[in-house]
Amino acid sequence: IIGVRFGTYNRNIRDNVDWEWFRHSFGFDAYPQYLALVENKTFNFDPHSVFLGALAETGLLGFMGLICFFIGYMMLLVRRFRNSEKYGFQNIVCGCILAGFAGFLLNGITLDILFMRHFWFMMAIGAVSYER
């Protein structure tokens, strides 16, 4: 429910991996430098998913907080997009940011998007781009 804390996914996964199965199943002949890490049980893993990583590291409470943040941000962009003048600056910018944000969320299934600077830069532009 509360997760394993930020950054401990890599440390905790080492104790829960069947290293013999891992070594024989993935064939490290092409990457001998990784074979030593597997044999020493120091090979690092990444969840490669912002959603699975958040769920494992922050638990249900942190995961729901992240999802609420994403939903709130998306609702802000949709509200600004609908209330802006058609083909106006705010309409175009919010539409582009909304499409980019949806794309990042889809990429979040297989990538950890929270450490991408361009994701946060895009979110900042979307948050401050409005006309009075």
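Throughout, residues of each chain are indexed from 1 in the direction in which the sequence is written. Thresholds applied to this predicted model are a pLDDT of at least 70 for local features of residues and 80 or more for the giving and counting of side-chain atom pairs; totals over whole chains, interfaces and linings are not thresholded and use all residues. Just so you know, side-chain values use all the structure's heavy atoms and leave hydrogens and water out.

**Some points on the overall build of the protein**
In step 1: Helix and strand labels come from DSSP, where a helix needs a run of H or I of at least four residues and a strand needs a run of E of at least two; each type is numbered from the N terminus. Assigned secondary structure in the protein consists of six helices and zero strands.
In step 2: Ordering the α and β elements of the protein from the N terminus gives α-α-α-α-α-α.
In step 3: Each residue's exposure class comes from its accessible area (1.4 Å probe, protein chains only) as a fraction of the maximum for that residue type: buried when under 20%, exposed when over 50%, partly exposed otherwise. For the protein, with 132 residues in total, the buried portion stands at 31%.
In step 4: Taking the intrachain contacts of the protein between residues at least 6 apart in sequence as the baseline, contacts between residues at least 24 apart amount to 64%.
In step 5: Carbon together with sulfur atoms contributes 64% to the accessible area of the protein, which is approximately 9,100 Å² in total. Every residue pair with non-hydrogen atoms within 4.5 Å of one another is taken to be in contact. Accessibility throughout is a Shrake-Rupley quantity obtained with a 1.4 Å probe, and a residue counts as covered only by protein chains that appear here.

**Quick look at the side chain of S49**
In step 1: Mapping S49 onto the fold places it in the loop between α3 (32-39) and α4 (50-83).
In step 2: In this structure S49 comes out as buried when scored by relative accessible area, which is 3%.
In step 3: A distance of 3.3 Å separates the side chain of S49 from the backbone oxygen of G108, its partner in a polar contact.
In step 4: Setting aside anything within four residues of it in sequence, one finds S49 in contact with G108, I109, T110, L111 and D112. We define a polar contact as two N or O atoms separated by no more than 3.5 Å, with the added condition that, inside protein, one atom must be a possible hydrogen donor and the other a possible acceptor, whereas residues neighbouring each other in sequence contribute only through side-chain atom pairs.

**Quick word on helix α6 (residues 117-128)**
In step 1: Working rule for helices: expected span equals 1.5 Å times residues minus one. Look at α6: 17 Å from first C-alpha to last across twelve residues, which is about the 16 Å you get at 1.5 Å a residue.
In step 2: Taken as a whole, α6 has its buried residues at F119, M122, M123 and G126. Buried residues of α6, seen end-on, are gathered within an arc of 100° and therefore sit on one face of the element. Exposed and facing more than 90 degrees away from the buried side of α6 are R117, F121 and V128.
In step 3: Next to the buried residues of α6 lie α4 and α5 (89-107). As used here, the arc belongs to the directions running from the helix axis to the C-beta atoms.

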